[in-house]
Amino acid sequence: SVYSTILLSGIQVDTFKKAADDPTKINAEPFAAEAKYFVESRLLNRDVEVRVEGCDDFGNILGSVYHPNGQIALLLLKNGLAKVVDGSARLTESPLHLREAMKEAQAKRLRKWKNWQPAQISGAKEYAGKVVEVVSGDVLMVQDLTVTGQRVERRLYLASIRCPRLGGGKKEDEAYAWDAKEFARKKVAGKKVKVVVEYMREATPSATGNLPPPPSDSSGKMHFVTIMFNEEKQNLNETLVTQGLAKTLPHRVDDERAANYDLMVELEKAASDKKIGVHGPEKAAPKHKINDLMGPANASRAKAFESSLARQPRLEAVVEHVFNAGRFKLRVPSENISISFVLGGIRVPQTAKKEGALGKGPKTSDPFAEEALAYVRDMVIQQDVVFKVDVCDKGGNFIGSMWKPRAGVTAAQAAKAKNPTQGAGEGNLAAELLELGYAMTVEFSLNQNPFRDALLAAEKKAQDAKMRVWSLPETTQANGDAGPAPEKAVDRNVDESLGPVVISHIEGITRFFVQREADGKALEELQNTLNEKCADDNAFKLPSAPRKGELVAARFSVDKQWYRARVENRSTGGSSFTVFFLDYGNTETLSSQDLKQLPPPLTPVLQGGTAFCKSCKLSGVLEAPEFERDAFNHFASLVDEKRLACKVEKIEAGGTLHVVLEGEEEAATPSHGASHKSINEALVRQGLARLNKKSDSKIFARLKKEEEAARKEHLNVWRHGDVGDDDDDDDFPPFNPRAAANGAKK
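Here's what I pulled together on the structure shown here.

Our focus in this paragraph is the pairing of strand E23 (residues 397–405). Among the 9 residues of E23, 8 are classified as buried, and the element is accordingly described as predominantly covered. When strand E20 (residues 337–343) meets E23, the two strands line up parallel, connected through 4 bridges. Bridge pairing links Leu-343 to Gly-400 in E23. Where strand E22 (residues 384–392) and E23 come together, 6 bridges link them in antiparallel fashion. Pairing of Val-389 across the sheet is with Gly-400, part of E23. Linkage of E22 to E23, two consecutive antiparallel strands, is achieved through a turn of 4 residues, within which Gly-396 is found at a positive phi near 85°.

A separate point is the sheet that holds strand E27 (residues 511–516). Taking strand neighbours around the barrel as the criterion, the 5 strands line up as E26-E27-E33-E36-E35 in a closed arrangement whose pairing is mixed. Geometrically, the sheet is characterised by an average inter-axis angle of 55° between neighbouring strands, direction not taken into account. Two elements, strand E26 (residues 492–508) and E27, share 6 bridges in a ladder whose sense is antiparallel. Each bridged residue has a counterpart across the sheet, and for His-505 the counterpart in E27 is Phe-513. Against the sheet, helix H18 (residues 628–639) makes contact with E26, E27, strand E33 (614–618), strand E35 (644–651) and strand E36 (657–663), and its axis sits at roughly 105° relative to E26, the strand it touches most.

Next up on the list: the state of the cysteines. What the rule picks out here adds up to 0 disulfides. The structure places no disulfide on Cys-646, whose sulfur is separated from the nearest cysteine sulfur, that of Cys-616, by 5.2 Å. Classification of Cys-646 by relative accessible area gives buried; the value is 1%.

Note that Asp-393 resides in the loop between E22 and E23. Lys-303 provides the closest opposite charge to the buried, salt-bridge-free Asp-393, at an N-O distance of 7.0 Å.

Take the pairing of strand E10 (residues 139–144) next. Most of E10 is tucked away: 6 of the 6 residues are buried. Across the two faces of E10 the burial is the same, with Val-139, Met-141 and Gln-143 and Leu-140, Val-142 and Asp-144 all buried. Sheet analysis places strand E9 (residues 126–136) next to E10, joined by 6 bridges and oriented antiparallel. Residue pairing in the sheet places Ser-136 in a bridge with Val-139 of E10. Counted between consecutive antiparallel strands, the loop separating E9 from E10 contains 2 residues. Alignment of E10 against strand E11 (residues 153–158), held across 5 bridges, turns out to be antiparallel. Across the sheet, Leu-140 pairs through a bridge with Leu-156, a residue of E11.

With that settled, the discussion passes to the sheet that holds strand E30 (residues 576–581). With antiparallel pairing, 5 strands are arranged side by side in an open sheet as E31-E30-E29-E28-E32. Among the strands making up the open sheet, the edge pair consists of strand E31 (587–591) and strand E32 (595–597). Neighbour-to-neighbour, the strand axes of the sheet open up by a mean angle of 50°, direction not taken into account. Of the strand pairs in this sheet, strand E28 (residues 551–555) and E32 are connected by 3 bridges, and their pairing is antiparallel. From the neighbouring strand, Val-552 faces E32, where its bridge partner is Gln-597.

Two numbers describe how helix H4 (residues 95–108) lies on helix H7 (residues 261–274): the axes approach to 8 Å, and their chain directions differ by 170°. As the angle between them shows, H4 and H7 are arranged roughly antiparallel. Residues Pro-95, Leu-96 and Arg-99 of H4 touch H7, and the partners they reach there are Tyr-261, Asp-262 and Glu-266. Per-class residue counts for the contact of H4 with H7 are 3 nonpolar, no polar and 3 charged.

With that out of the way, let us pick up the packing of aromatic side chains. What the rule picks out here adds up to 11 aromatic pairs. Note on Tyr-157 and Phe-224: the rings are 5.7 Å apart at their centroids and 35° apart in plane angle, and the pair reads as tilted. Placement of Tyr-157 in strand E11 and of Phe-224 in strand E14 (residues 221–229) is noted, with a sequence separation of 67 residues between them. On the basis of relative accessibility, which here comes to 9%, the residue Tyr-157 falls in the buried class. Aromatic side chains Phe-556 and Phe-581 sit 5.6 Å apart centroid to centroid with 75° between the ring planes, which places their arrangement in the edge-to-face category. On the criterion of sequence distance, the pair formed by Phe-556 in the loop between E28 and strand E29 (562–570) and Phe-581 in strand E30 is long-range, its members being 25 residues apart. Cluster of aromatic residues (ring-pair linked, three or more members): Phe-556, Tyr-563, Phe-581 and Tyr-584. The ring of Phe-38 carries the charged tip of Arg-42 above its face, separated from the ring centre by 3.7 Å. One residue, Arg-154, lies across the ring of Tyr-127, its end atom 5.1 Å from the ring centre.

The rules we used
Here the residue numbering is sequential within each chain, running from 1 through the sequence in written order. In keeping with the model being predicted, local features are shown solely for residues with a pLDDT of at least 70 and side-chain atom pairs are shown and tallied solely at 80 or more, while totals for entire chains, interfaces and linings include all residues. Excluding hydrogens and water, the side-chain figures rest on all heavy atoms present in the structure. For each residue, the accessible area found with a 1.4 Å probe, counting protein chains only, is set against the maximum for its type, and the residue is called buried under 20%, exposed over 50%, and partly exposed in between. The numbering of helices and of strands both runs from the N terminus, where a helix is a DSSP run of H or I of at least 4 residues and a strand a run of E of at least 2. Here the rule is simple: two strands pair whenever DSSP picks up at least two bridges between them. Here an angle of 0 to 180 degrees is reported between the N-to-C directions of two axes, which are lines fitted to C-alpha atoms, with helices fitted over the stretch in contact. Two residues form a contact once any of their heavy atoms are found within 4.5 Å. Any pair of cysteine sulfurs within 2.5 Å is marked as a disulfide. This count recognises Lys and Arg as positive and Asp and Glu as negative, with His and chain-terminal groups excluded. Each reported salt bridge corresponds to a side-chain nitrogen of Lys or Arg within 4 Å of a carboxyl oxygen of Asp or Glu. Put simply, angles under 35 degrees are roughly parallel, angles over 145 are roughly antiparallel, angles from 65 to 115 are roughly perpendicular, and the rest are oblique. Residue type decides the class: Asp, Glu, Lys and Arg count as charged, Ala, Val, Leu, Ile, Met, Phe, Trp, Tyr, Cys and Pro as nonpolar, and the leftover types, Gly among them, as polar. Two rings belonging to Phe, Tyr or Trp (six-membered ring only in the last case) form a pair when the distance between their centres is within 6.5 Å. Interplanar angles under 30 degrees mark stacking, angles over 60 mark edge-to-face geometry, and anything in between is tilted. Put simply, a charge is over a ring when the Lys NZ or the Arg CZ is close to the ring centre, within 6 Å, and near the line of the ring normal, within 35 degrees.

Below, the structure written as structure tokens:
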């Protein structure tokens, strides 16, 4: 006879443990004795069947024991005496049955699960959505289609699986990372899906100190989901695992997980047995290297491709990014290149130039610019398209025509069509924008476009119907007085120090507020006086609704204290008011019950313009487009509750200060060649801010050095490469409806 100890695979029960303070004393966990009796009464001195399934790191044999009435592990789970352990559960015949048995005990609140509560999920558990963008194999941007009146997009993470990671900076893609993203793109990009929220978690920094992943909602939580596509017949999580493009996550015992987790474990095992995808040899993984021709730095290389691309009647491509309604980043698989592509013959309304964007651009968006951008982005982002190159400009932008294949037609079929404006059900994107009133023709480039007549006909339809840009007064008047140009504001350069400061409120890196440490005592005295005078509910009541610009005392909703404030706006019905807290910089919408007149001794101080916070922006830097939230979070982490040295380099006419911020300790330490970085430089180095090329900041050279390093590593705003100037090409004049109308009239 052979005697051996068997540990039951896939479960964990309460045990007997030696006391830490007295090794001779044995402590029993809550259900240890009951679980032991449960097993003894059924198995002791009985014939059973044992299935040996593996061995743990300590040499213990793992296996399943079968009682005449069934598997003993299942019986323990059903009676609430055990819980499932993922690591060894994978060795059993059916982890799924183990999980179902535990869920049955949880639902009945048996023994270990007496006080168990299912995870609470804020918001809808399930909702219909549209996949806007596939960020990686397991991260998607999804629009919530159940929200009306506004567009809500969420960054969602696939539950209980992990795809190989795409590279960033100097890191290369993990094997099959690009394949996983491309597989998911082809399956769900631009399509309606069903989103099932499995669990939520707080976004936390990684163990290596990297920034936390972007959250899915305003509360800072990441949503882990299952995506159902193809009319809810297919599960994207399962499909990726089946194809060997993702692995299941090894959850801890008490971790929440996807409802189909055990099924995905079985699918992963099948993929591993077949040695497909990530389960196969790494040397067999396909290599993907795209030749990036984006940006002015690559203009000469792009120009070298002009003749070969222009000779081809049509090419297939994938839209990787939409800069505006008429400019795109295209990936051309047949040529293995990425290019900047501009629709020829038209000019689209320009969105406001975001702080940090290169080149020229309007400070405010042209009419219908945002609407046009949203329309085009919805139509083509990460979609297969067909395009024709006419010319490459001096900035390395390829100019030509693009077609979005209609439903049921692939890009390959569209590319082979004889007539690109009619064959295979294609639609010219420039013509569509013109017909909808989202664009106007530009004569100098229109004459070079082979589809000139079709574009003019489409524009005529929008003109006749006075659609969008043609509904504007400027477009219906050939001549008119534009009025005098506004007087240019005058800024002045200074070299001052505010001394030690703290940040009181942040809206972004180009608008935040600081308080001088030297003013701390005076501010404290003012606050004490104000709250003493406003303590009586009947004191200093407003005789009537306050007007915009009026100075008031406002009760902040968080701490219920009174602060000096200025009315910025009021609701249509006059029931609520938006106020700006003068000494802290934040705003809040309050009811009239939370507003009072300022006590008389305080009013003259305010009328003199004295406030204890100063509006600032970081000197020499601009916001990085699409990374404003990430920049905000990183900036906040660098300055939160810290004393900072604040050097003022410029004062705008409106009073905003251009400042350089440093930690007080770093500022007090001689740099000896700038061995330490200012906060301005730290944000630029992470690719979360851009160098202001027009700045005369004293740290301009240091900022430029940090931006070059971030660009080389493709960090954040540089993830698509050097995207280049949006509007610095002389071939594309500023969008001017009046000028366009005059040109068309001529």
